[in-house]
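Now for the letters of each chain:
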Amino acid sequence: MEKQKKMTVPVFTGVDSEVFRRDIYPMRRPVVLRGVALGPCLDKWTLEYLAERGGMCGVKVHVSTVPQLDFRNKNFVYRTLPFDKFIQRAAEKKHPDFFLCEEERYYLRSLGEDVRKEPADLNKQFPDLAEDFHIPEFFEPDQFFSSVFRISSCGLQLWTHYDVMDNLLAQVTGKKRVVLYSPQDALHLYLSGDKSEILDIDSPDLGRFPEFVKACRYECVLEPGDLLFIPALWFHNTLALQFGVGVNIFWRHLPAEKYDKKDPYGNKDPVPATRTLQALERALHILDELPPDYRDFYGRRMVLRIQNRTYCSQQDGAARGDSDPES
Ligand SMILES: O=C(O)CCC(=O)C(=O)O
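All of the points below concern the structure found in this document. Everything quoted here is computed from the prediction, not taken from an experiment.

## Some thoughts on the pairing of strand β7 (residues 144–152)
The side chains of a regular strand alternate, first on one face of the sheet and then on the other. The buried fraction of β7 is high, at eight of nine residues. Relative to β7, strand β6 (residues 105–109) is paired through three bridges, and the arrangement is antiparallel. Within β7, the residue paired with Leu108 across the bridge is Ile151. Direction of pairing for β7 relative to strand β16 (residues 244–251): antiparallel, over a ladder of eight bridges. In the sheet register, Ile151 faces β16, and the bridge partner there is Val245.

And the structure:
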């Protein structure tokens, strides 16, 4: 049986903004950066400190009885907790106070003030903690989109998805495994919108998802102080190996007008992509005027034309050669 190809995400140390912008950013590939100055958060963010400085404002969190969050069957609920209580609960294994069960797990993806309109910004929602976290100067200030807390109980696994912004995922405390897939493997990931339907990426149901073996798996384990560069459109799946606090920064790679203005999360497709998909729907509707064998024929011709016009000449297989294969 075909085996999924596995790669390690390369790790670089001593990368400054000049090296990042010149050598790493243009490659559009995930990279772990070790030793970038992230500020005093690395020493200061103990549970007590986070609880005290983060305050008692309510945060809306995912609560789940099982480690693997399932967006399709909604095996989690949203609940609001004061930030200090949430920190305490997310760090403990068994909870004297709980919503669903004693060993429930928690996940915070922080939000903006007006959830529907404003992107999350640590400086606004958590000013006393934001001052401890220094955003590396890897992009121009006007490209900044959001800074988001990612705080999870040990064992919590977030589904595979892509975002449309460039992303630096900083691990401040705890360890986290991240598995990534190239945008060029999109057809092997059984997408439902921006998410993959394959929840169990470690032992997938290949009867249901036979194409998944063709997707190349890139993996890394983030330690405190690590930064993972996730280029826009790269799929990622995270698994907290310990209770952990992370911050991710999204910034614009494309000109601002290419992004959907009503997107506080950074995961709505760019405007030209959305318009193209809508136009395709209209085109397919016109094709419905023909019998099935004609639709099949013109459909195949369209696929070929789309491939010729849009696929990058550098196939991912060739580009994969620059990292260490594990198997
Ligand atoms: O760290 C996590 O738990 C998820 C990170 C993520 O999805 C992101 O940075 O876009």
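## Some thoughts on the site of the ligand
The environment of the ligand is formed by Arg150, Ser152, Leu158, Asp163, Asn167, Leu169, His236, Thr238, Gly246 and Asn248. Of all the elements in the fold, those that place two or more residues in the shell around the ligand are β7, β9 (166–173), β15 (235–240) and β16. Residues of the shell around the ligand, tallied by class, amount to two nonpolar, six polar and two charged.

## Quick word on unusual backbone geometry
Even without a glycine there, the phi angle at Lys74 is positive, about 45 degrees. Along the chain, Lys74 turns up in the loop between β4 (58–64) and β5 (76–82). Positive phi, close to 50 degrees, is recorded for Tyr190, a residue that is not glycine. Along the chain, Tyr190 falls in the loop between β10 (176–181) and β11 (191–192).

## Quick notes on the sheet that holds strand β2 (residues 11–13)
Spatially, β2-β3-β14-β9-β16-β7-β6-β4-β5 is the arrangement adopted by the nine strands of the open sheet, whose pairing is mixed. Of all strands in the sheet, those with a lone pairing partner are β2 and β5, marking the two edges. The average angle at which neighbouring strand axes cross in this sheet is 25 degrees, direction not considered. Judged from the three bridges that link them, strand β3 (residues 31–34) and strand β14 (residues 227–230) form a sheet pairing that is antiparallel. Paired with Val32 across the bridge in β14 is Leu228.

## Some remarks on the environment of Glu104
Along the polypeptide, Glu104 turns up in the loop between α4 (83–91) and β6. With 19 C-beta atoms packed within 10 Å, Glu104 lands in the partly exposed category. As a C-alpha pair, Glu104 and Phe83 span 21 residues in sequence and 17 Å in three-dimensional space.

Cut-offs used in this document
Residues numbered from 1 in each chain as written. Predicted model: local features only at pLDDT ≥ 70, side-chain atom pairs only at ≥ 80, totals over all residues. Buried ≥ 20, exposed ≤ 12 C-beta atoms within 10 Å, placed from the backbone. Helix = DSSP H or I, 4+ residues; strand = E, 2+ residues; numbered from the N terminus. Pairing = 2+ DSSP bridges. Near = placed C-beta within 6 Å. Nonpolar A, V, L, I, M, F, W, Y, C, P; charged D, E, K, R; others polar. Axes fitted to C-alpha atoms, helices over the stretch in contact; angles between N-to-C directions.

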